[in-house]
Amino acid sequence: MLIHTAIEQKLLDAFNPIHLDVVNESANHNVPPGSESHFKVVIVTPQFEGMRLLQRHRAVNAIVAEELAEKIHALALHTYTPSEWYEYYAEKPPVSPKCFGGSKAEKAS
């Protein structure tokens, strides 16, 4: 199973979100083509009501703990309640920053 698919299915099962977007951003980084190492998750669920940001991130990280431990290098999380989502981001979801990591070629010189 693709890592992208595993993350998506686990989050759907655990949070029953009203919006879920799992994006493989590996191509934006210095990794081989076709890699699945860098992901962005945008998740909107009523389960986040009353939770602080850190609690939300911990909840998501717990669900994808296996992938984080063995397969994923980076996971950007954007976690919202439905009211936060509709107020701030429904029309234009947040964008991940560009990677500032150096290339392997630069390190070799």
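Values in this document were obtained by computation on a predicted structure and should not be read as measured data.

With that settled, consider the overall build of the chain. Helix and strand counts for the chain stand at 5 helices and 3 strands. Ordered by position from N to C terminus, the α and β elements of the chain give α-β-β-α-α-β-α-α. Of all 109 residues assigned to the chain, the portion counted as buried reaches 33%. Contacts spanning at least 24 positions in sequence make up 63% of the contacts within the chain whose residues lie at least 6 apart. If you sum the accessible surface of the chain, you get close to 7,000 Å²; carbon and sulfur atoms cover 53% of it.

Here we take up the side chain of arginine 56. Inspection of the secondary structure assignment puts arginine 56 in helix α2 (residues 53-63). For arginine 56, a relative accessible area of 7% corresponds to the buried category. Leave out the neighbours within four places in its chain, and arginine 56 touches Phe48, Met51, Thr79, Tyr80, Thr81 and Glu84.

Once that is clear, we can look at unusual backbone geometry. One non-glycine residue, asparagine 16, lies in positive phi territory at about 45°. Within the secondary structure, asparagine 16 sits in the loop between α1 (3-15) and β1 (19-24).

What follows covers the packing of α1 against α2. Packing of α1 against α2 leaves a shortest axis separation of 9 Å and a crossing angle of 120°. It follows that α1 is oblique to α2 by the angle criterion. In this structure, α1 meets α2 at a crossing whose hand is right-handed. Contact residues: Lys10, Leu11, Ala14 and Phe15 in α1; Ala59, Val60 and Ile63 in α2. A per-class count over the contact of α1 with α2 returns 6 nonpolar, no polar and 1 charged.

All right, on to the pattern of salt bridges then. Throughout the structure, instances matching the rule amount to 3 salt bridges. Residues lysine 10 and glutamate 66 are paired through a salt bridge, measuring 3.8 Å at the closest nitrogen-oxygen approach. Here lysine 10 is found in helix α1, whereas its partner glutamate 66 is found in helix α3 (residues 65-70), with 56 residues between them in sequence. Residue classification places glutamate 66 among the partly exposed residues on the basis of a relative accessible area of 41%.

This paragraph deals with the sheet that holds strand β2 (residues 38-44). Strand order in the open sheet formed by 3 strands is β1-β2-β3, and the pairing between neighbours is mixed. Strand pairing shows two members of the sheet lacking a second neighbour, β1 and β3 (74-80), which therefore form its edges. In this sheet, adjacent strand axes meet at a mean angle of 10° when their direction is disregarded. Pairing between β2 and β3: 7 bridges, direction parallel. Each residue of the ladder has a partner; that of valine 42, found in β3, is histidine 78. In the packing of helix α4 (residues 82-89) onto the sheet, contacts are made with β1, β2 and β3, and the angle to β3 comes to roughly 100°.

Procedures and definitions
- Residues numbered from 1 in each chain as written.
- Predicted model: local features only at pLDDT ≥ 70, side-chain atom pairs only at ≥ 80, totals over all residues.
- Heavy atoms only, no water.
- Helix = DSSP H or I, 4+ residues; strand = E, 2+ residues; numbered from the N terminus.
- Buried < 20%, exposed > 50% of the residue type's maximum accessible area, 1.4 Å probe, protein only.
- Contact = heavy atoms within 4.5 Å.
- Areas by Shrake-Rupley, 256 points an atom, 1.4 Å probe, with all protein chains shown as cover.
- Axes fitted to C-alpha atoms, helices over the stretch in contact; angles between N-to-C directions.
- Parallel < 35°, antiparallel > 145°, perpendicular 65-115°, else oblique.
- Left-handed = near helix turned anticlockwise from the far one by under 90°.
- Nonpolar A, V, L, I, M, F, W, Y, C, P; charged D, E, K, R; others polar.
- Salt bridge = Lys/Arg side-chain N within 4 Å of Asp/Glu carboxyl O.
- Pairing = 2+ DSSP bridges.

Shape is all these values report; function is a separate question.
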